[in-house]
Every structure is written in structure tokens, then in C-alpha cells.
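# Remarks on the overall topology
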Amino acid sequence: MSRAGAQDGPRTAGRAPQDTTREFVTPEGVDLRLRIGEAGERAAAFVIDVVILVVALIVVSIVSAGVLLASQLRGVEMAAIVWLLIAFFLRSFYFMAFEMHPRAATPGKRIMGLRVIARGGGRLTADAVFARNALRELEVFLPLSFLVSQGDGIDAWVILLGLIWSGIFLFFPLFNRDRLRVGDLVAGTMVVKAPRRKLPPDLADERPTVGVLSFTQAQVDAYGVKELHVLEEVLRRADKPTLRAVAERIRAKIGWQGEPVEDAEFLAAYYAALRGRLETRMLFGHRRRDKFDKA
Amino acid sequence: MAELVLKSQRFRAEREADWRRLEALLAKAEGGSAARLSREELLELPVLYRSALSSLSVARSISLDQGLIDYLESLCTRAYFFVYGARSTLLARMGGFFTHDWPAAVKGLWRETLVSLAITLLGVVVAAALVAGDPDWFYAFVPSELAGGRDPSASAAFLRATLYDDHDGKSVFATFLFTHNAQVALFAFALGFALCLPTAGLMIHNGLMLGAFLALFASHGLGLEAGGWLMIHGATELFAIVLAGAAGFSIGWAVVFPGETSRMSAAAAAGRRAAVVMIGVVVMLFLAGLLEGIGRQAVRADALRWTIAAASLSLWLAYFYLPRKTP
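### What about the overall build of chain A?
- Scanning chain A for helices and strands turns up eleven helices and four strands.
- Against the 2.2 N^0.38 benchmark of 19 Å for 295 residues, chain A shows a C-alpha radius of gyration of 28 Å, more extended than a compact globule.
- Seen through its principal axes, chain A has C-alpha atoms that stretch 85 × 50 × 45 Å.
- Counting across all 295 residues of chain A, residues that qualify as buried make up 35%.
- By sequence separation, contacts in chain A at least 24 residues apart represent 65% of the contacts at least 6 residues apart.

### Side note on the overall build of chain B
- Within chain B one finds 14 helices and zero strands.
- Along the chain direction, N to C, the helices and strands of chain B fall in the order α-α-α-α-α-α-α-α-α-α-α-α-α-α.
- At 29 Å, chain B has a C-alpha radius of gyration far larger than the 20 Å of a compact globule built from 327 residues.
- Looking at the 327 residues of chain B, the share that counts as buried comes to 45%.
- Intrachain contacts of chain B at a sequence separation of at least 6 include 78% that bridge at least 24 residues.

### Some details on helix H2 (residues 76–99) of chain A
- In this model, H2(A) (24 residues) spans 34 Å end to end at C-alpha, consistent with the 34 Å of a helix rising 1.5 Å per residue.
- The sharpest bend along H2(A) reaches about 55° and sits at A:Phe93.

### Points about helix H13 (residues 263–298) of chain B
- The terminal C-alpha atoms of H13(B) lie 50 Å apart, and with 36 residues this matches the ideal 52 Å at 1.5 Å per residue to within 8%.
- In the structure, H13(B) departs most strongly from a straight axis at B:Glu292, where the bend amounts to approximately 30°.

### Some remarks on the nonpolar core
- With 134 residues, the main nonpolar core has B:Ala52 and B:Met278 as its most contacted residues.
- Per-element accounting of this core gives the leading share, 19 residues, to helix H12 (residues 223–256) of chain B.
- A:Leu235, A:Ala247, A:Ala268 and B:Leu64 belong to the second-largest nonpolar core, a separate cluster that totals 22 residues.

### Remarks on the confidence of the model for chain A
Residue and element names in this part refer to chain A.
- Across chain A, the average pLDDT comes to 84, with 92% of residues at 70 or higher.
- Mean pLDDT across the secondary structure elements of chain A bottoms out at helix H5 (residues 136–148), with 84, and peaks at helix H3 (residues 107–112), with 94.
- The low-confidence segment residues 1–17 (pLDDT under 50) makes 32 contacts with residues lying over four places distant or belonging to another chain.

### What about the pairing of strand E4 (residues 189–193) of chain A?
All names here are of chain A.
- Taken across its five residues, E4 has four buried, putting it largely inside the fold.
- Bridge analysis of strand E3 (residues 114–118) against E4 gives five bridges, and the strand direction is antiparallel. For Val116, the partnering residue across the bridge sits in E4 and is Val191.

### What about unusual backbone geometry?
- Phi is positive for A:Ala238, which is not a glycine, with a value near 55°.
- By the secondary structure assignment, A:Ala238 is in the loop between helix H9 (225–237) and helix H10 (240–254).
- Under the C-beta neighbour-count criterion, A:Ala238 is labelled exposed, with 10 such atoms within 10 Å.
- With phi around 60°, B:Leu195 is a residue other than glycine that occupies positive phi space.
- Along the chain, the position of B:Leu195 falls in the loop between helix H10 (170–191) and helix H11 (197–219).
- Residue class for B:Leu195 comes out partly exposed when judged on the 14 C-beta atoms lying within 10 Å of it.

### Some thoughts on the pairing of E3(A)
- Buried residues dominate E3(A), accounting for five of its five residues.
- Of the two faces of E3(A), both are covered, the one formed by A:Leu114, A:Val116 and A:Ala118 as well as the one formed by A:Arg115 and A:Ile117.

### Side note on the environment of B:Ala200
- Structurally, the position occupied by B:Ala200 is in helix H11.
- B:Ala200 sits 85 residues away from B:Val115 along the chain, and the two C-alpha atoms are 9.2 Å apart.

### Focus: the environment of A:Lys253
- With respect to the helices, strands and loops of the structure, A:Lys253 is situated in helix H10.
- Separated by 108 residues in the primary sequence, A:Lys253 and A:Ser145 place their C-alpha atoms 63 Å from one another.

### A word on the interface of chain A and chain B
- Taken together, the 59 residues of chain A in the interface contact 65 residues of chain B.
- Breaking the side of chain A that touches chain B down by element, the ones donating at least two residues are H2, helix H4 (126–134), H5, helix H7 (182–187), H9 and helix H11 (263–283) of chain A.
- The element that contributes the greatest number of residues to the side of chain A that touches chain B is H2(A), accounting for seven residues.
- For the side of chain A that touches chain B, the per-class residue count stands at 35 nonpolar, eight polar and 16 charged.

### A closer look at the packing of H11(B) against H12(B)
Residue and element names in this part refer to chain B.
- Running from amino to carboxyl end, H11 crosses H12 at an angle of 170°, the nearest separation of the two axes being 10 Å. By the angle between their directions, the pair H11 and H12 is classed as roughly antiparallel. In this structure, H11 uses Thr199, Met203, Asn206, Leu214, Phe217 and Ala218 to contact H12, whose residues at the interface are Gly223, Ala226, Gly227, Ile241, Gly245, Gly248, Phe249 and Gly252.
- Looking at side-chain class alone, the contact of H11 with H12 contains seven nonpolar, seven polar and no charged residues.

### Brief notes about the domain arrangement of chain B
- Taken domain by domain, chain B comprises domain 1 (7–87) and domain 2 (94–321).
- Using only C-alpha atoms to locate each centre, domain 1 of chain B and domain 2 of chain B end up separated by 51 Å.

### Some details on the packing of helix H6 (residues 110–133) of chain B against H12(B)
Residue and element names in this part refer to chain B.
- Packing of H6 against H12 brings their axes to within 8 Å, and their N-to-C directions diverge by 120°. Viewed along their axes, H6 and H12 adopt a mutual orientation that is oblique. Here H6 runs over H12; the crossing is right-handed. Along its contact with H6, which presents Glu112, Thr113, Val115, Ser116, Leu117 and Thr120, the element H12 presents Val242, Leu243, Gly245, Ala246, Phe249 and Ser250.
- Taken together, the residues of the contact of H6 with H12 sort by class into six nonpolar, five polar and one charged.

### Regarding the confidence of the model for chain B
All names here are of chain B.
- Summary statistics for chain B give a mean pLDDT of 86 and a share of 92% for residues scoring 70 or more.
- Looking at the elements of chain B, mean pLDDT is at its lowest for helix H4 (residues 90–94), recorded as 68, and at its highest for H6, recorded as 94.
- Here the prediction assigns the complex a pTM of 0.84, and the interface score ipTM is 0.86.

### A short note on the environment of B:Ile308
Residues and elements named next belong to chain B.
- Considering the arrangement of structural elements, one finds Ile308 in helix H14 (residues 302–321).
- A tally of 20 C-beta atoms within 10 Å means that Ile308 is categorised as buried.
- For the pair Ile308 and Phe141, spaced 167 residues apart in sequence, the C-alpha to C-alpha distance is 28 Å.
- Residue contacts for Ile308: discarding those within four places in its chain leaves Ile232, Gly295 and Val299.

Conventions used here
- Residues numbered from 1 in each chain as written.
- Chains lettered and ligands numbered in written order.
- Predicted model: local features only at pLDDT ≥ 70, side-chain atom pairs only at ≥ 80, totals over all residues.
- Helix = DSSP H or I, 4+ residues; strand = E, 2+ residues; numbered from the N terminus.
- Rg over C-alpha atoms; globule rule 2.2 N^0.38 Å.
- Buried ≥ 20, exposed ≤ 12 C-beta atoms within 10 Å, placed from the backbone.
- Contact = placed C-beta atoms within 7 Å.
- Expected span 1.5 Å × (residues − 1).
- Bend = angle between axes of the 7 residues up to and from the residue.
- Core = buried A, V, L, I, M, F, W, Y, C linked by C-beta atoms within 7 Å.
- pLDDT = per-residue confidence, 0-100.
- Pairing = 2+ DSSP bridges.
- Nonpolar A, V, L, I, M, F, W, Y, C, P; charged D, E, K, R; others polar.
- Axes fitted to C-alpha atoms, helices over the stretch in contact; angles between N-to-C directions.
- Parallel < 35°, antiparallel > 145°, perpendicular 65-115°, else oblique.
- Domains from an automatic or database assignment.
- Left-handed = near helix turned anticlockwise from the far one by under 90°.

Shown next as C-alpha cells:
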């Protein structure tokens, strides 16, 4: 198996426990800080895919039934063969086909903003995609088969034990840090977040008050980076009551005496001033973490 | 617009066009295949990717605009996987697959294949001996929907008829068997992860059914004929299932005895090698389905059936195990 790029490829060695970001250094030496796909998102993606599969099967069934009726039941055999093959290929190759696509994600994963990557950071090969999806038999269909089987007495106990045993594979992702399913383990893959983002407008542009309202040195030294990012989020969400509450907190904190302007305008101006101050200090080698960071 | 007062604003203004260009190219490439990009665009993409990466490093050290940094991280991640995570479609995978990769992978699993074969044969022998001694054992090994009336209560004439006559819905049944067998093969492969034992169980179960069938026909003096009926496609099909079992064993074995590497990387290496075998197994099962659906209908003579069986088996053996030049 070619593992091109395994040596010069990125290393995945994130440390902090409970943290979902993983160090992922590209050959150019930049850490992409990937975030792993969490159990809930992965389960949601899977449910979406199953729904799509079931709907597709129903559509195929209806269409073939319609064709049969139109042809007055002459092609029963042909229709049965086509139906069987389509059902088989859908069940076995739906996931594989989508994950071999450049985006390496099924429709469910795309909706949830996830994608499959090779754990070493190298190429995601067709073999790996095949392995991770063939293992679904073990993780999904085995527990299902125990779930639908029935029996009395000893049989019932055997089925219960089987269900518990196969449940280990189903819930495997919950027991490891990188949320690997058995298929990921065997294929050497993992699922990470790779959402498409739009470039948001720069909040320091475009406001009439930016650069007009002036703040004193002490006023822009009231906060650190953490507060700046909270402020950014508040401004981007632009929720009126929150804006007012935050603006009042900041006015009180810095003892604002200037002209009365609207909350959003005031916050935008303060954001620009604070960011300017913090970025300047960062250029001189000090990144002020939060408002308690004195130095 | 207010003039750009912050360094980070000027930084963004200077590079934004490049990022947008990269984003547009990626959207185009991800929408379909890389073939949708023109030659110039393909050459442009890695350059834009590297400049976006350097923008990301710079942004992290001079800008505190979280929205911008998030955007650059997602853009760089997408571009990274486009540039380095070379896509391999199933079609591209086919190049070199049949000439080299698949036979090499199968050959590499020869020990597991022998074990898998031995377990299947054990099942055959046990079932044949039991059914020969007491025909009622047949019902224990073969589910009635697969038997289709071919059980110890059937007459020799009926059994003979099942070997040579056409039935309605035969091709439907062949398709059903192909999908069923492919599912069983995938299952045998996947179960391997559960420390080999379930795969062994599945192989022995398969062997038991086979042995029970053969013993039933043999008890009516139809052993040779039934063998021909079965082996014309069975040589390919049973080989494929034995290989699927072997692929499963190799994964389970790597998990239990990882050797010098870590358990995780041993499992991953074994998994990818076994996956190569399995892709081929699905192809083999498809061929077996064709042989069963078409070949068995067309060929009625026992000798010819046996000849085809022997020929296909020796072809597979030669294809997998004969030494060949490494490219």
C-alpha cells in the first residue's frame, strides 16, 4: 500500500484532553488546527444518509412498480433483478462512492460540515474508504440483526448477549479521544470538521463612528483578546438587547463620558480601538490574553 | 469607507482578492472533478494555496479578527486536502489493480487463506459425515428457504431435476444469491475485527451447508452431478468467500498480535491490505453470479461443468500465486 506523504506529511498529535482541536501540521509547516467531528454530528450525518438511502429505495421501488404496471407485468423478472442490484449497490456503495469524491463526504456529512481524512494526513485512498465502509456491516447491521431477531428462553439470552457484544462496536467512537469508529480504526482514517465558511466583513471597516470617537489609553487597556472576541461575536450577531447590555457594561467599565451614540455604533468604535491597541501590543510581542492579564 | 487604520485591515485588503480566487477555484473543483479546471487554473491552485497558508500564519500573529482567522483556517484546510489528499476514484484505482495490487494482496494473505480454507473444509467434512449417518441432520444445517424442497424427503428424480432443469425466476435467484453472497463476504471481512472468531464461525457455517447439500445428493448417487452443478460457479464463489474470510482473519490477527508496530497502525495497515482483497472479492462474486445465471443454464453436461470448474479454479490459482515480475 502506498503511503505517499506519510513521512513528510503532517503529524497529528493534539494533546489537551477534552479538547477537540488536533494539531495538524502541513508540509509547509503551518498548523491547520483541525477539529474532530463530534459524536453527535457524526450520528446526525449518519441518520441523514440513512434517510436519503431509504427514500431512494422507496423511489426505486415505486418507479419499478410503475414500469411493471405499465408493461402489464411482463418484465417481472427483469424488474426484480434491477431492483435487487440497485438495492445492493445503494446499501453497499452509497457511502463509498461519496467518500471517494474530492470532498470525501456523504451528503449527510456535507450538511454537518464534516469530511473524512487519512489519519496520517496523507492521501485518502480508495482502499481506505472501502475498508471503513465495509466495516459498517459490523457496526450497524450486526446490532440491527440481533435487534430484529426473536427467540424464547436460552435464545433470548443469546440474542441479548449478542446485542451487548455488538453494541461495543456501535458505541466504539464514544470510548476513544478521536471519536474513531471501528471502520476508521481499520482504515486509518478519521472524520474532521471542514465547514465552508464565508469571509465575514471586517468589523473595523464601514462604520461612520470608527476613528471618530476617541478613547484614552486607559480605556482601551480595560480588556484583553478574550473579551475582544466576545465583543466581535456580539457585534456579528447584532442582537439588540445583547448589544445594549454589553454597551452598558463597557461604558460603565471604562467610565465613558463622550457623545451619546447608538449602542452598535459605540461598540463598533470601541471594538476597532481595542483591536488596534491589542494588535499593536501583539506586534511588540505581547498578546494580552484577557482583562486579568496585567503585564 | 473609513480609511484603513489597522495593520490587520491593510493586510486583509491586500490579500483578499487572492483568497476569493482560491475559494472560487476550490468550489469549481469540488463541484465536480479536477478535470473541470483548466490547465492554468490547476497550476494556479497550489500557488494560491501556499499564499493562503502564509496569510494564515501572518493573520494568526498580527490580526485579532476571529472571523478572518476562522475563514482562513477553513479555506486552507479545504485547499490542503485538494492539493495533498490526492483523489483516487474507483476508476483511477482500477489502473494497476488487476495487474498488480490485487493478486499481490491475495498472495500476501496466503496463510490466512489456508486457515480459512481449512475451516471451511472442516465444516464440509463434519456436515457430510453427520448427514450421511443420519439425514435428519440436514435440517440443522440448511435453512429451508435456501433448500427449496431439496431435503432428505425429496425423491432422487426430483433432486436430479433440480440439477438440470430450468426454473422460472432462475436469474432473479442468481441475482439474489450474488447480493446475498456479497453481503456475507463483506460480513465475514467486517467480523474479522471482532478477534477472528465470528469470521471462523461464519466460514464453518458456510462449510456445513455445503457439506450437507453434497451428502444429501451423494446419498441418492448424485454426488458427482451435484458437484458439477455446484462447482461450475462454486469454484469462483467459494474461493471468493474463503478469501473474504482470510481478509477478516488478517485484520483480527493484526489487532490481537500487532507485532512491532502499535495496535492502531497494525490494524490500519492490515485493514487497507484486506480492503484491496475485498474489492476483488466483490468482482469475483459478480463473475460467479454470471457463471451461475448464464453458464449453468447453457451447460448441461457434467463433464463440461467439471471442466469449467477446474479451469476457473486453476486460472484463479495461477493468477494469484504464480510468480510475476514486479513493476
